[in-house]
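# Residue-level structure breakdown
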Amino acid sequence: MKVLLTLSSLLLALNFGISSGSPEDLVYGYVCRQGKCLKEELSKENWNTAISLPVCRMFCGDTIGTLWPKPSGLVDMENVLLHINKDTIEFNVPSYTKQAKHWDANRERFMDILDNKVPNHDVLRKQGHPVKITIELDEKNRANEEVPRLTLDTDESYKLNIMTTGEKKVEVKITAQNYFGARHAFETLSQLIVYDDIRREMQMLAKASIEDGPAFKWRGLLLDTSRNFYSTKAIKRTLDAMAMVKLNTFHWHITDSHSFPLEVKARPELYKLGAYSPRKVYTHQDIEDIVEYGRVRGIRVMPEFDAPAHVGEGWQHKNMTACFNAQPWKDYCVEPPCGQLDPTVDEMYSVLEDIYREMFDLFKPDVFHMGGDEVSVNCWNSSEQIRNWMTSKQGWGLQESDFIRLWGYFQTHALERVDKVAGEKVPITLWTSHLTDVPYLDDYLDKERYIIQIWTTGMDPKVTDILKRGFRVIVSNYDALYFDCGGAGWVTDGNNWCSPYIGWQKVYENRMENISGDYVPLVMGAEAAIWSEQIDEHTLDQRFWPRASALAERLWSNSKDTWRQAEPRMLVHRERLVENGIAAEALQPEWCLQNQNECPIDAYTSLKRA
């Protein structure tokens, strides 16, 4: 991001007016010195020239301190703030009929974000300059005539221009190819408006120009709702926070061996037997509501049906599984309860087809995740029925390569059912596994059809094996992007398997080019994951946020900045999350937010070296 701004005339350019407060109401204001916001005591002498912390952070430094993620393109702005009247903001949105309700929802969301900036509306100065926001989409883009749908080809870039007319009316113009880019511009605009707690008024930039767009097209979070159930309210809260940082993919790992909380009308026994309780089921209405909620916020909701492993509860009485809840479980799976589908049972594929059909009807995914994680040879080998089918009917052996062949057989036949219900060949995502190892990767998977989601370490040489064969990848390396890591063991003592806890700094420094080397063009993006063995909706927010925000900036801006350079903005951003109802984890004492660069242990040593 290139930023063109100066601070020399900031105080003179602020539109002060008569303050409704007094020095007795507030003790501190801020002053910008050497790119840092320094706290100073307010007095009658400096009251009219003091600036609030949000105002100072916006201008003080080499970037706009209130923006997260950092814009990837040119930022040109003047250091002039105007007092605005948020109640007179006018919206001129596109007239496409099928987008109307989406723009209504965005207007409401934008105003809610502004309202949340104000701690006490009773003292807010209501006067101020009027604001008009105009959104222009590409008229040649026929997709704008349809319901917005995010795909791998969607251009999410935008241009945002702010100027003030001779009548002191603030004119905002947003231009984008489509709904999604324009929606992102709304998020940026909301961060260019601040509440000045000294003057008790809303202020925004009088003139600015921003060109922005994402570095990576896939920017996501994964939530496992099988091990512990999450209410639709908790999921929507996650989508709200994702929208704030321009993440665009909610990867919904709905089912697993622990529970089957997905309503499948064609096979009701799955969720009736498999859900933790009748209250802990995602109905069709729930899913449609969440998909639409995500769409309004620029987010695709991608379902995963993990198979052939990670199945169990709900599949009772079908004789279609192997090693279900087998003990000792460590001999058959990575955690209890065990369970895998039996690929030799023909009727099982009809059940899968019904599941896939309802998933495609509800989600209408542009990418579908078929799982493929942690298949156990020992599980299949424990089934006499499977062994007999392999040796007697197929003439195979019982070596590992033969069981991988069985896995390939399953994947081929399951994919046929996906294609049947989809009516087209949508891209398919699979987790890294034995099936994605060489030579099986070459034998069973087509690089034109499959996307591989990496969950091993970022430096695993298997990643290069996959990339050099031309497969596209989504990065979820557990050493940086598994947010459930760092906790007590739950199947033994000590800590959980992927400890220690991963700080936001490591997430921020998890650069795609370091993982993929020369193959960056094949990296679609990344996802942070929460596997819910030890997390539920009551601890969800602080596990995702603000670490997911660090991922969001890495994938949107892919800035050369280090986490230390980003830290002052991260602290401001964390407060914004909390302001909007997200129970984000505290990163530092609030004193560090108010005393910029005073907390790092080597701050002044670094300055001396510089």
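Since this is a predicted model, take the numbers as computed values, not measurements.

### Details of the sheet that holds strand S11 (residues 201-205)
- The three strands lie next to each other as S5-S11-S10, forming an open sheet whose pairing is antiparallel. The open sheet has two edge strands, strand S5 (81-84) and strand S10 (193-196), and neither has a second partner. The mean inter-strand angle of the sheet, taken between neighbouring strand axes irrespective of direction, is 40 degrees.
- One ladder, built from four bridges, connects S5 with S11; its direction is antiparallel. Residue pairing in the sheet places His-83 in a bridge with Gln-203 of S11.

### Regarding the domain arrangement of the protein
- Looking at the assigned domains, one finds that the protein contains domain 1 (66-212) and domain 2 (218-594).
- On the side of domain 2, 37 residues touch domain 1, which itself brings 31 residues to the contact.
- Both faces combined, the contact of domain 1 with domain 2 buries some 2,900 Å², and carbon together with sulfur accounts for 53% of it.
- Three residues stand out in domain 1 for area buried against domain 2, namely Trp-68, Lys-70 and Leu-152, and they jointly supply 29% of the buried area on that side.

### A few points about the pairing of strand S13 (residues 218-224)
- S13 sits mainly inside the fold: seven of its seven residues count as buried.
- Here six bridges tie S13 to strand S22 (residues 523-530), and the two strands are oriented parallel to one another. For Trp-218, the partnering residue across the bridge sits in S22 and is Gly-525.
- As judged from the five bridges shared by S13 and strand S14 (residues 249-253), these two strands associate in the parallel manner.

### Focus: the packing of aromatic side chains
- As enumerated under the stated definition, the model contains 30 aromatic pairs in all.
- Ring centres of Trp-252 and Tyr-282 lie 4.9 Å apart, and the angle between their planes is 80 degrees; this geometry places the pair in the edge-to-face category. Taken together, the positions of Trp-252 in strand S14 and Tyr-282 in the loop between helix H6 (268-274) and helix H7 (284-296) put the pair 30 residues apart, joining distant regions of the chain.
- Taking the centre distance of 6.1 Å and the plane angle of 75 degrees together, the rings of Trp-504 and Tyr-508 count as edge-to-face. Pair noted here: Trp-504 and Tyr-508 are both in helix H15 (residues 504-508), with a separation of four residues, about one helical turn. Assigned by exposure class, Trp-504 and Tyr-508 land together as buried.
- One aromatic cluster in this structure is built from Phe-91, Trp-103, Phe-110, Tyr-179, Phe-180 and Phe-186.
- The ring of Trp-556 carries the charged tip of Lys-246 above its face, separated from the ring centre by 5.6 Å.

### Considerations on the packing of helix H3 (residues 100-116) against H7
- Put simply, H3 and H7 touch, their axes get as near as 9 Å, and they point 70 degrees apart. The angle between the axes of H3 and H7 places the two elements in the roughly perpendicular class. The segment H3 lies against H7, with Lys-101, His-102, Ala-105 and Asn-106 engaging Glu-292, Arg-295 and Val-296.
- Here the contact of H3 with H7 is built from residues that sort into two nonpolar, two polar and three charged.

### Focus on empty space enclosed by the protein
- If you walk through the whole model with that rule in mind, you get three cavities of 30 Å³ or more.
- In this model, the largest cavity occupies a volume close to 100 Å³.
- What lines the largest cavity is a set of 15 residues, among which His-310, Cys-333, Glu-335, Pro-337 and Gly-339 lie closest to the centre.
- Its residues assigned to classes, the lining of the largest cavity shows six nonpolar, five polar and four charged.

### A word on the nonpolar core
- Residues Trp-252, Phe-305, Trp-315, Leu-352, Phe-368 and Trp-545 are the most contacted members of the largest nonpolar core, which totals 125 residues.
- Sorting elements by how many residues they give to this core places helix H8 (residues 346-363) first, with 10 residues.
- Not counting residues up to four positions away in its chain, the partners in contact with Phe-305 are Thr-255, Phe-260, Trp-315, Leu-352, Ile-355, Tyr-356, Met-359, Phe-368, His-369, Met-370 and Gly-371.
- Judged by nonpolar contacts, the second largest core, of 58 residues, contains Tyr-30, Val-131, Tyr-195 and Val-572.

### Focus on the sheet that holds strand S19 (residues 428-431)
- On the basis of which strands lie adjacent, the closed barrel formed by eight strands has the order S13-S14-S15-S18-S19-S20-S21-S22 and parallel pairing. Taking each pair of neighbouring strands and ignoring which way they run, the sheet shows an average axis angle of 30 degrees.
- Here S19 runs beside strand S20 (residues 450-454); their pairing, made up of four bridges, is parallel. Considered in S20, the bridge of Leu-430 is made with Ile-452.
- The strands touched by helix H5 (residues 232-244) within the sheet are S13 and S14, with S14 carrying the most contacts at an inclination of about 155 degrees.

### Quick word on the UniProt feature "domain: Beta-hexosaminidase eukaryotic type N-terminal" (unreviewed entry) in the protein
- The sites that carry the UniProt feature "domain: Beta-hexosaminidase eukaryotic type N-terminal" (unreviewed entry) are, in the present numbering, residues 67-192.
- Measuring from the first to the last C-alpha atom of residues 67-192 gives 7 Å, for a span that is 23% helix and 25% strand.

### A closer look at the state of the cysteines
- With the rule as written, the count across this model stands at six disulfides.
- In this model Cys-37 forms its disulfide with Cys-56; the gap between the sulfur atoms is 2.2 Å. Note on the Cys-37 and Cys-56 pair: the S-S dihedral is about -110 degrees, so by sign convention the disulfide is left-handed. One end of the pair, Cys-37, is in strand S3 (residues 36-41); the other, Cys-56, is in helix H2 (residues 53-59), and 19 residues separate them in sequence. In this structure, Cys-37 and Cys-56 share a single accessibility class: buried.

### Details of unusual backbone geometry
- The amide bond that connects Ala-307 to the next residue, Pro-308, takes the cis arrangement and shows omega of 10 degrees.
- Among the secondary structure elements, Pro-308 is positioned in the loop between strand S15 (300-307) and strand S16 (321-322).
- Going from Trp-545 to Pro-546, the amide bond is cis rather than trans, its omega being 5 degrees.
- One can find Pro-546 in the loop between helix H17 (540-544) and helix H18 (547-556).
- Look at Arg-200: it is not a glycine, yet its phi comes out positive at around 55 degrees.
- Along the polypeptide, Arg-200 turns up in the loop between S10 and S11.
- Although it is not a glycine, His-317 sits at a positive phi angle of roughly 70 degrees.
- Locating His-317 in the fold gives a position in the loop between S15 and S16.

Parameters at a glance
- All chains use their own residue numbering, which begins from 1 and follows the written sequence.
- The predicted nature of this model means local features are confined to residues of pLDDT at least 70 and side-chain atom pairs, given and counted, to a pLDDT of 80 or more, with totals for whole chains, interfaces and linings taken over all residues.
- Think of the side-chain values as coming from all heavy atoms in the structure, minus any hydrogens and water.
- In this description, strands pair whenever DSSP reports at least two bridges between them.
- Helical segments are the DSSP runs of H or I of at least four residues, strand segments are the runs of E of at least two, and each set is numbered from the N terminus.
- Each axis is a line fitted through C-alpha atoms, and for a helix only the stretch in contact is used; angles between axes span 0 to 180 degrees, taken between their N-to-C directions.
- Segmentation of the chain into domains, including their bounds, is taken from an automatic or database domain assignment.
- Contact definition: two residues touch when any of their heavy atoms are within 4.5 Å.
- We define buried area as the total accessible area lost by two parts upon association, computed with a 1.4 Å probe and summed across both.
- Relative accessibility decides the category of a residue: with a 1.4 Å probe and only protein chains considered, values under 20% of the type maximum give buried, values over 50% give exposed, and everything between is partly exposed.
- For this analysis, a ring pair means two rings from Phe, Tyr or Trp (six-membered ring only for Trp) whose centres lie within 6.5 Å, classed as stacked if their planes differ by under 30 degrees, edge-to-face if by over 60, and tilted for the remaining angles.
- Each ring is checked for a lysine NZ or an arginine CZ that lies within 6 Å of its centre and within 35 degrees of its normal; such an atom marks a charge sitting over the ring.
- Every angle not falling under 35 degrees, over 145, or within 65 to 115 is termed oblique; those three ranges are roughly parallel, roughly antiparallel and roughly perpendicular.
- Under the convention adopted here, Pro, Cys and the residues Ala, Val, Leu, Ile, Met, Phe, Trp and Tyr are nonpolar, Asp, Glu, Lys and Arg are charged, and Gly plus all remaining residues are polar.
- Put plainly, a pocket is an open set of points on a 1 Å grid over the protein atoms alone with protein on both sides within 12 Å along at least five of seven lines, a cavity is a set where a 1.4 Å probe fits but cannot get out, and a lining residue has an atom within 4 Å of a point.
- Grid points are joined across faces, edges and corners, and a volume is the space filled by probe spheres set on the points.
- Here, nonpolar core refers to any group of buried Ala, Val, Leu, Ile, Met, Phe, Trp, Tyr and Cys residues whose side-chain atoms link them within 4.5 Å.
- UniProt positions are given in the numbering used here, feature names are shortened, and annotations may be inferred rather than shown by experiment.
- We call a pair of cysteine sulfur atoms a disulfide whenever their separation is within 2.5 Å.

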